[in-house]
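Chain by chain, the residues run as shown.
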Amino acid sequence: MIPAPFSYRRAASIEEAIALLQQYGGDAKILSGGQSLIPMMKFRLAEPAVIVDINGVPGLDTIEEHNGLLAIGGLVRETTLERSPLIRQQYPIIADTAEVIADPLVRNLATVGGNLAHGDPANDHPATMLALRAEVVARGPSGERVIPIDEFFVDTFTTALAPDEILTEIRVPAPPPHCGGAYMKFERKVGDYAVAAAAAFLALDEAGKIARAGIGLTNVYHKPLRAEAAERALLGQAPSDELFRAAAELAAQAADPTSDLRGPAEYKRAVARTMTLRALQKALSRARAA
Amino acid sequence: MERVPIQLTVNGQSYQVEVEPRMLLVHFIRDVLNLTGTHIGCDTTSCGACTVLWNGRPVKSCTVFAVQADGGELLTVEGLERDGQLHPVQEGFWEEHGLQCGFCTPGMMMTAVALLQENPDPSEEEIRKAISGNLCRCTGYVNIVKAIQYAAHTMRETVPAAAGIAEGE
Ligand SMILES: Cc1cc2nc3c(=O)[nH]c(=O)nc-3n(C[C@H](O)[C@H](O)[C@H](O)COP(=O)(O)OP(=O)(O)OC[C@H]3O[C@@H](n4cnc5c(N)ncnc54)[C@H](O)[C@@H]3O)c2cc1C
Ligand code: FES
Ligand code: FES
């Protein structure tokens, strides 16, 4: 399969990339890992006239903690993320997520920024970032803006990014005391998108009650879904199996999956329920161990 | 049609060519360089038959544009053998019967070479994880795992020589 012809521009700086995006308007597409864009171009589902390759832009591939925030550069590869000691120790929910994305070969190129910017509800990072209340940093012609994750996902393949904006960083609040998170994905085989998956993040207060709760769901809605009713049901409560089952049921009710080769809608809803329950249980055990 | 000059090193040899931006790296390797050891299995980023090392990392060359590799370094299956001597990974596939039809083998071996460069003594689980993006329709993977274990063992026994070959220049 051969993509339609296009012009190739390699940006050496973020300013140059933005200028190129401005120059070509909606005809241009950013190329990061290319692991979603190139398959779409081969199928001719995308036919951008211009490709702006940002892989040579310096400074977008760092993972750092500062000012109470974890900052993940937009160009950080999944492989880098899953192997990072900081991520594995302090943010295991993110390591959980990175290591179930696609396969090791795809993960050598695929980027976190691309995973979010693609706006695919089947992608795994969005649910985790929703559960973590992350923020997305975007740079455009008029400077930088910070987009709360709740406002970032607009629809299938549509995000809050303007055509001339670049996702430069994802910011995650540093972990509060007694917190834990986990990502649970049910996939038919390695490399497949989720039948359904759930991200759960919990923080406990001194009395052991739930002070913060985040639940995100993958591939069961027209966009990445935050299960708000389920989160509310957990707040202020003492964790228990019964409570988690009730929350998982609320999360499953919020899901609205479509029937396809991965299974009928009702089955996917049931998988979403089970994944939410397991993610909550694992998040709790990590919170108690923290 | 726009053509872009690129310069890259493939199996230690330097090339300067002009390519159309839309040319996939796998087509460049097979059709321009005539290195047909790199296979096209699915053409949809699923099977890993097209795996090559790009700056040392195994990637699916059907999902990279040749222009992206400008200034970079590639290693394909043809670059494994040196002076008539098989790379320990190739030897392992031979000795342990790590192939049947052989279609997946070049990609499988490139992934194995990259694994052993990073992790000279992988567990069976680590091997299985590393090759989870390379599909084989014939072997059931058992002998592929054995082949990689054989190579790991050989490379550890003959560290200096094997390490030099594995560097791939
Ligand atoms: C076989 C296969 C299996 C996969 N399985 C999974 C899976 O299980 N889970 C999962 O989450 N993903 C999966 N993926 C998708 C993969 O993770 C993609 O890499 C990811 O969706 C996009 O990241 P990328 O860096 O490759 O982006 P690209 O493909 O380069 O870009 C994707 C889109 O985002 C835009 N974009 C990229 N970077 C930026 C930026 N910094 N700012 C603004 N816009 C940007 C591009 O213009 C393009 O429209 C799979 C892919 C393949 C090929
Ligand atoms: S041909 Fe590239 S992954 Fe199958
Ligand atoms: S040996 Fe036939 S596909 Fe692997």
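Numbering of residues begins from 1 in every chain and follows the order in which that chain's sequence is written. As they are written, the chains are lettered A onward and the ligands numbered 1 onward, keeping that order. Since the coordinates come from a predicted model, pLDDT governs what is reported: local features require at least 70, and pairs of side-chain atoms require 80 or more to be given and counted, while whole-chain, interface and lining totals use all residues. To obtain the side-chain values, all non-hydrogen atoms of the structure were included, while hydrogens and water were left out.

A. Region of the structure containing the overall build of chain B. Secondary structure assignment for chain B yields six helices and five strands. The globule rule used here is 2.2 Å times the number of residues to the 0.38 power, and the radius of gyration it is set against is calculated over C-alpha atoms. Relative to the globule expectation of 15 Å for 169 residues, the C-alpha radius of gyration of chain B, 16 Å, shows essentially globular dimensions. In terms of overall dimensions, chain B has a C-alpha envelope of 50 × 35 × 25 Å along the principal axes. In this scheme, a residue with accessible area under 20% of its type's maximum is buried, one over 50% is exposed, and one in between is partly exposed, where area comes from a 1.4 Å probe on protein chains only. Expressed as a percentage of its 169 residues, the buried residues of chain B come to 53%. Contacts were defined at the residue level, with two residues in contact if any of their heavy atoms lie within 4.5 Å. Partitioning the intrachain contacts of chain B with sequence separation of at least 6 by distance along the chain shows that 58% fall at a separation of at least 24. Using the Shrake-Rupley algorithm and a 1.4 Å probe, accessible areas are obtained, with residue cover drawn only from the displayed protein chains. Of the roughly 7,500 Å² of accessible surface on chain B, a fraction of 48% belongs to carbon and sulfur atoms. By the criteria applied, helices consist of DSSP H or I runs no shorter than four residues and strands consist of E runs no shorter than two, each listed in order from the N terminus.

B. Structural detail: the interface of chain B and chain A. Taken together, the contacts link 30 residues of chain B with 30 residues of chain A. Both faces combined, the contact of chain B with chain A buries some 2,400 Å², and carbon together with sulfur accounts for 60% of it. Considering only the side of chain B, the residues that lose the most area to chain A are Arg22(B), Phe65(B) and Gln68(B), jointly responsible for 24% of the buried surface there. Here, a salt bridge means any side-chain nitrogen of Lys or Arg that lies within 4 Å of a carboxyl oxygen of Asp or Glu. Taken together, the links from chain B to chain A amount to four salt bridges. Contacts described as polar in this section are N or O atom pairs within 3.5 Å, which, within protein, must combine one atom able to donate a hydrogen with one able to accept it, while residues neighboring in sequence count only if both atoms come from side chains. One can count twelve residue pairs in polar contact (both at pLDDT 80 or more) joining chain B with chain A. Of all the secondary structure elements, the ones that give two or more residues to the side of chain B that touches chain A are strand 3 (51–54), strand 4 (57–60), helix 3 (105–118) and helix 4 (124–130) of chain B. Just so you know the grouping, Ala, Val, Leu, Ile, Met, Phe, Trp, Tyr, Cys and Pro go in nonpolar, Asp, Glu, Lys and Arg go in charged, and all remaining residues, Gly too, go in polar. Taken together, the residues of the side of chain B that touches chain A break down into eleven nonpolar, eleven polar and eight charged. Buried surface area refers to the total accessible area, computed with a probe of radius 1.4 Å, that the two partners give up upon joining, counted for both partners together.

C. Seen up close, the confidence of the model for chain B. The score called pLDDT rates the predictor's confidence residue by residue, from a low of 0 to a high of 100. Summary statistics for chain B give a mean pLDDT of 94 and a share of 93% for residues scoring 70 or more. Across the interface, the model reports ipTM at 0.95; the global pTM reads 0.96.

D. Representation of the sheet that holds strand 1 (residues 7–10) of chain A in the model. All names here are of chain A. Pairing between strands is defined by DSSP: at least two bridges between the two strands are required. Ordered in space as 1-3-2, the three strands form an open sheet in which the pairing is parallel. Two strands in the sheet have a free side with no partner beyond their single neighbour: strand 1 and strand 2 (28–31). Put simply, the sheet's adjacent strands are angled 25° from each other on average, direction ignored. Contacts between helix 1 (residues 14–24) and the sheet are confined to strand 1, strand 2 and strand 3 (50–53), with strand 3 contributing the most and set at about 170° to the helix. Throughout, an axis means a line fitted to C-alpha atoms (over the contacting stretch in the case of helices), and angles, computed between N-to-C directions, take values from 0 to 180 degrees.

E. Focus on the site of ligand 1. Residues in close proximity to ligand 1 total 31 residues, the closest being Ile30(A), Ser32(A), Leu37(A), Thr111(A) and Asp124(A). Near residues are defined by distance, with any heavy atom within 4 Å of the molecule or strand qualifying the residue. What surrounds ligand 1 is not a single chain but chains A and B. The separation between an oxygen atom of ligand 1 and a polar main-chain atom of Leu37(A) is 2.7 Å. Separating a nitrogen atom of ligand 1 from a backbone N or O atom of Leu167(A) is a distance of 2.8 Å. When ligand 1 is considered free in solution it has 960 Å² of accessible area, and contact with the protein chains removes 95% of it.

F. Region of the structure containing the environment of Pro175(A). Residue and element names in this part refer to chain A. Residue position: proline 175 is located in the loop between strand 10 (166–173) and strand 11 (179–186). Sequence separation of proline 175 and threonine 276 is 101 residues, and the distance between their C-alpha atoms is 21 Å. In contact with proline 175, not counting residues within four places along its chain, are Glu65, Gln90 and Tyr91.

G. Up close: the domain arrangement of chain A. All names here are of chain A. What counts as a domain boundary in this text is fixed by an automatic or database domain assignment. Entries for chain A in the domain assignment read domain 1 (7–53), domain 2 (63–173) and domain 3 (179–289). The C-alpha-based centres of domain 2 and domain 3 are spaced at 19 Å. Of the residues lining the interface, 25 residues belong to domain 2; the matching set on domain 3 comes to 29 residues. Between domain 2 and domain 3, the buried area comes to about 2,100 Å², and carbon and sulfur atoms account for 57% of it. When the buried surface of domain 2 facing domain 3 is broken down by residue, Asp96, Pro121 and Arg133 rank first, second and third, together holding 22% of it. At the junction of domain 2 with domain 3, the criterion picks out four salt bridges. The residue arginine 133 makes a salt bridge to glutamate 231 at a minimum N-O spacing of 2.8 Å. Remark: the boundary between domain 2 and domain 3 carries 13 residue pairs in polar contact (both at pLDDT 80 or more). Listed by contribution, the elements that provide at least two residues to the side of domain 2 that touches domain 3 are helix 5 (92–98), helix 8 (125–131) and strand 8 (153–155).

H. Highlighting the pairing of strand 1 (residues 4–10) of chain B. Residue and element names in this part refer to chain B. Here strand 1 shows one buried face, formed by Val4, Ile6, Leu8 and Val10, and one open face, formed by Pro5, Gln7 and Thr9. Looking at chain direction, strand 1 and strand 2 (residues 13–19) are connected through seven bridges and run antiparallel. From the neighbouring strand, glutamine 7 faces strand 2, where its bridge partner is glutamine 16. The antiparallel pairing of strand 1 with strand 2 creates a hairpin that spans two residues between the two strands, and asparagine 11 there sits at a positive phi of about 50°. Note: strand 1 against strand 5 (residues 73–75), two bridges, orientation parallel. Pairing of threonine 9 across the sheet is with glutamate 73, part of strand 5.

I. Broad picture of the domain arrangement of chain B. Residues and elements named next belong to chain B. What the domain assignment lists for chain B is domain 1 (4–77) and domain 2 (88–166). Computed from C-alpha atoms alone, the centre-to-centre distance between domain 1 and domain 2 is 21 Å. Between domain 1 and domain 2, the residue contacts involve 17 residues of the former and 13 residues of the latter. When the two sides are added together, the surface that domain 1 and domain 2 hide from each other amounts to roughly 1,100 Å², 66% of it contributed by carbon and sulfur. The tally of links between domain 1 and domain 2 comes to zero salt bridges. Those elements that place two or more of their residues in the side of domain 1 that touches domain 2 are strand 3 and strand 4. The greatest single-element share of the side of domain 1 that touches domain 2, amounting to three residues, is contributed by strand 3.

J. View of the sheet that holds strand 5 of chain B. All names here are of chain B. Strand order across the open sheet formed by five strands is 2-1-5-3-4, with mixed pairing between neighbours. Taken across any chain shown, the strands that pair with only one partner, and hence form the sheet edges, are strand 2 and strand 4. The mean inter-strand angle of the sheet, taken between neighbouring strand axes irrespective of direction, is 40°. Where strand 3 and strand 5 come together, two bridges link them in antiparallel fashion. Bridge pairing in strand 5 links leucine 53 to leucine 75. Sheet strands in contact with helix 3 are strand 3, strand 4 and strand 5, and its direction is about 35° off that of strand 3.

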